[in-house]
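Next come the chains, spelled out residue by residue.
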Amino acid sequence: MNTWRNASLAVTAAALLTLTTACGQEQGGTSPNGQAVGNAAPAQQPADSGYGSAGGGYGSGADAEAAEPKEAGQLAVQESKKLGKVLTDSEGFTLYRFDKDTANPPKSNCEGDCAKAWPVVASGNAVAAAGTDDELLGEVTRPDGTSQLTVDGWPMYRYAKDTAPGQVNGQGVGGTWFAAAPDGKKAAKNADSEGVAEPADPAGLSVRKDPELGEIVVDGRGMTVYRFTKDSAWPMKTACTGECLKKWPVVAPVAKNAVDGVTTKGFVTFDRPDGIKQQTIDCWPIYTFAGDKKPGDTNGQGIGGTWYAVSPDSKLVGATK
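Quick notes on the rules
Residues numbered from 1 in each chain as written. Predicted model: local features only at pLDDT ≥ 70, side-chain atom pairs only at ≥ 80, totals over all residues. Heavy atoms only, no water. Helix = DSSP H or I, 4+ residues; strand = E, 2+ residues; numbered from the N terminus. Buried < 20%, exposed > 50% of the residue type's maximum accessible area, 1.4 Å probe, protein only. Contact = heavy atoms within 4.5 Å. Polar contact = N/O pair within 3.5 Å; in protein donor to acceptor, adjacent residues only side chain to side chain. Disulfide = S-S within 2.5 Å. Core = buried A, V, L, I, M, F, W, Y, C linked by side-chain atoms within 4.5 Å. Phe/Tyr/Trp six-rings, centres within 6.5 Å; stacked < 30°, edge-to-face > 60°. Lys NZ or Arg CZ within 6 Å of the ring centre and 35° of its normal.

A word on the overall build of the chain
- From N to C terminus, the chain includes 3 helices and 20 strands.
- A burial count over the chain gives 47% of its 321 residues as buried.
- Pairs at least 24 apart in sequence give 68% of the contacts found in the chain among residues at least 6 apart.

Comments concerning the environment of S108
- By secondary structure assignment, the location of S108 is in the loop between β6 (106–107) and α2 (113–117).
- Within the structure, the side chain of S108 is placed 3.3 Å from the backbone nitrogen of C110, a separation counted as a polar contact.

A short note on the state of the cysteines
- Scanning all chains against the criterion turns up 2 disulfides.
- A sulfur-sulfur separation of 1.9 Å characterises the disulfide bridge that pairs C110 with C114. Since a negative S-S torsion denotes a left-handed disulfide, the C110-C114 link at about -110° is left-handed. Neither residue differs from the other here; C110 and C114 are each classed as buried.

Things to note about the side chain of S90
- One can find S90 in the loop between β3 (84–88) and β4 (96–98).
- Leave out the neighbours within four places in its chain, and S90 touches A72, G73, Q74, A252, P253 and K277.

Examining the nonpolar core
- Grouped together as the largest cluster of nonpolar side chains are 17 residues, with contacts concentrated most on Y96, C110, W118, Y157, W177 and A179.
- Counting residues per element, the ones that place at least two in this core are β4, α2 and β11 (177–179).
- The residues contacting C110, other than those within four sequence positions of it, are F98, D101, A115, W118, R142, Y157 and W177.
- Formed by 13 residues, the second largest nonpolar core is a distinct cluster that contains L75, V77, L149 and A180.

Description of the packing of aromatic side chains
- One pass over the full model with this rule turns up 12 aromatic pairs.
- Considering the side-chain rings of W118 and Y159, the 4.1 Å spacing of their centres and the 25° angle between planes classify their relative orientation as stacked. Here Y159 lies in the loop between β10 (154–155) and β11 and W118 lies in the loop between α2 and β7 (121–122), a separation of 41 residues in the sequence. Pair check on accessibility: W118 and Y159 agree, each one buried.
- Relative to W307, the ring of Y287 has its centre 5.0 Å away and its plane inclined at 85°; by these criteria the two rings are edge-to-face. Highlighted residues: Y287 in the loop between β19 (284–285) and β20 (307–309) and W307 in strand β20, separated in sequence by 20 residues.
- You can call Y287 buried: its relative accessible area is 0%.
- An aromatic cluster is built from Y96, F98, W118, Y157, Y159 and W177, whose rings are joined through pairwise contacts.
- Between R97 and the ring centre of W154, over which it is positioned, the NZ or CZ distance is 3.8 Å.

Below you can see the structure in the form of structure tokens.
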């Protein structure tokens, strides 16, 4: 009896060891350096406060409490057939602007019940989306003393009824709320129409055949994806921080159903020490390059002998070692 039990315990321990050392696990877990891995969880939402067509599109919600302002992290740009380019936070949630706010000077007019339906985006660790002007990012101090992210002066919000990345359920609400474009303008191609609620297309990963590099990974905008040789996959660590991130923006978390032709081995979200969430392939953190101005550019290839495009199986393209 004891022999059977000891054997059973040994098998269980081995299974747990395999689970904790498998960086490519599908859900949750923690890497040896203490960083959580797994698909990014949706942003915390306040209780449903409802909304109406007047007063900016927010309702009573007397029992709901205003959500604690959550930082945006690495901003990204998603494409929508009807809305065009839509600005999102690091988890893929749409950012919105409010017509009753002002941009010059920046001022938020969304408080109380409004802020329950439209959670404030804290300025904190916001990093400009790849290919956008980081000088557009700013902050405004709210009446309660907290700091809110602004884009070209416009205060940024999320919408409580967006419960998954890519949703734009707040588009056109009350005729005053609109998804934000990367430059802070309204993302809607027809901003005067209400109720447009088509989800933005996923910011995915796919494969492009480059005439010089062969098959390489690109993001949802067609921009080349890179790896940094000074990073490590296990334990998962990054050597690109601070000023480095201005040149090499992280790839925000990507849903697996938005991946085409790229390995999903070790396809987990890296919770970086700076609070930014980053997509990994085979546990390697991945980036884009600010010097790539249009799809097809590979200007980051080989820079410093440490930055390389990524093959569909997560290997470095053109590296000598």
